[in-house]
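A look at the structure
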Amino acid sequence: PLVARAGHALRKSKPIHGLLYGESEPCLDMVVSKAQLPRALRIMDALVSALEARGFTIEVISNPPPSLYERSMKRVEPHRAFRTEVKIGGIAVPIGLREDSEWISKGDGKRYAAGNWMSGYSANAITRVGTGVLELHASYRHAGYGRANWRDGKRKPLEGLLRSFVIGLIKI
């Protein structure tokens, strides 16, 4: 039901800068383009099944609004009202799936990584597109827990890294 609900919410959501956020109702933390949505849902379905098979609980909960500092640092990403947490041994670990994206100037076609701030460009002069590269992430509350991101690679797609992601979550 979690993945089906996420699929429904994302399909009916309106893209923000070319990416679907699914803010209309509680759903899994996924930010992807329409083109990558079917693949992203398959990945999340496999991940949720693997986590539940190991006895972990997956919940979608309200995400508190960002602080003033966080808002100033994240000029590109809109605030998501919900987040996904996996409960492992009493510890809640936020997880999610995102697609990399880049900004493209409508005038000259120059490309910029999504995290780079493009001074001099108005919101009407640029557009954002997904790159097709998907990434699973685990947001640890404390540093030093090891790897926090697993992404598509040239030799191994994200689908081949799900076992490694689950093991990474357990290592907390």
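Attention here is on the structure that accompanies the text.

**What about the side chain of Asp152?**
- Positionally, Asp152 belongs in the loop between β7 (149–151) and α4 (162–170).
- The class for Asp152 is buried, based on a relative accessible area of 16%.
- A polar contact is formed between the side chain of Asp152 and the backbone nitrogen of Leu134, at a distance of 2.9 Å.
- Within polar-contact distance, the side chain of Asp152 engages the backbone nitrogen of Leu158 at 2.7 Å.

**Some details on the pattern of salt bridges**
- What the rule picks out here adds up to eight salt bridges.
- Asp152 serves as the salt-bridge partner of Arg39, at 2.6 Å between the closest nitrogen and oxygen. Highlighted residues: Arg39 in helix α2 (residues 37–53) and Asp152 in the loop between β7 and α4, separated in sequence by 113 residues. In this pair, the class of Arg39 matches that of Asp152, namely buried.
- Of the charged contacts in the structure, one is a salt bridge between Arg151 and Asp100, with a shortest N-O distance of 1.9 Å. Here Arg151, found in strand β7, pairs with Asp100, found in strand β4 (residues 91–105); they are 51 residues apart in sequence, far enough to count as distant.
- Given a relative accessible area of 33%, Arg151 falls into the partly exposed group.
- We classify Asp100 as partly exposed; its relative accessible area is 25%.
- Sharing partners across several salt bridges, the network here consists of Arg39, Asp152 and Glu159.

Cut-offs used in this document
- Residues numbered from 1 in each chain as written.
- Predicted model: local features only at pLDDT ≥ 70, side-chain atom pairs only at ≥ 80, totals over all residues.
- Heavy atoms only, no water.
- Helix = DSSP H or I, 4+ residues; strand = E, 2+ residues; numbered from the N terminus.
- Buried < 20%, exposed > 50% of the residue type's maximum accessible area, 1.4 Å probe, protein only.
- Polar contact = N/O pair within 3.5 Å; in protein donor to acceptor, adjacent residues only side chain to side chain.
- Salt bridge = Lys/Arg side-chain N within 4 Å of Asp/Glu carboxyl O.

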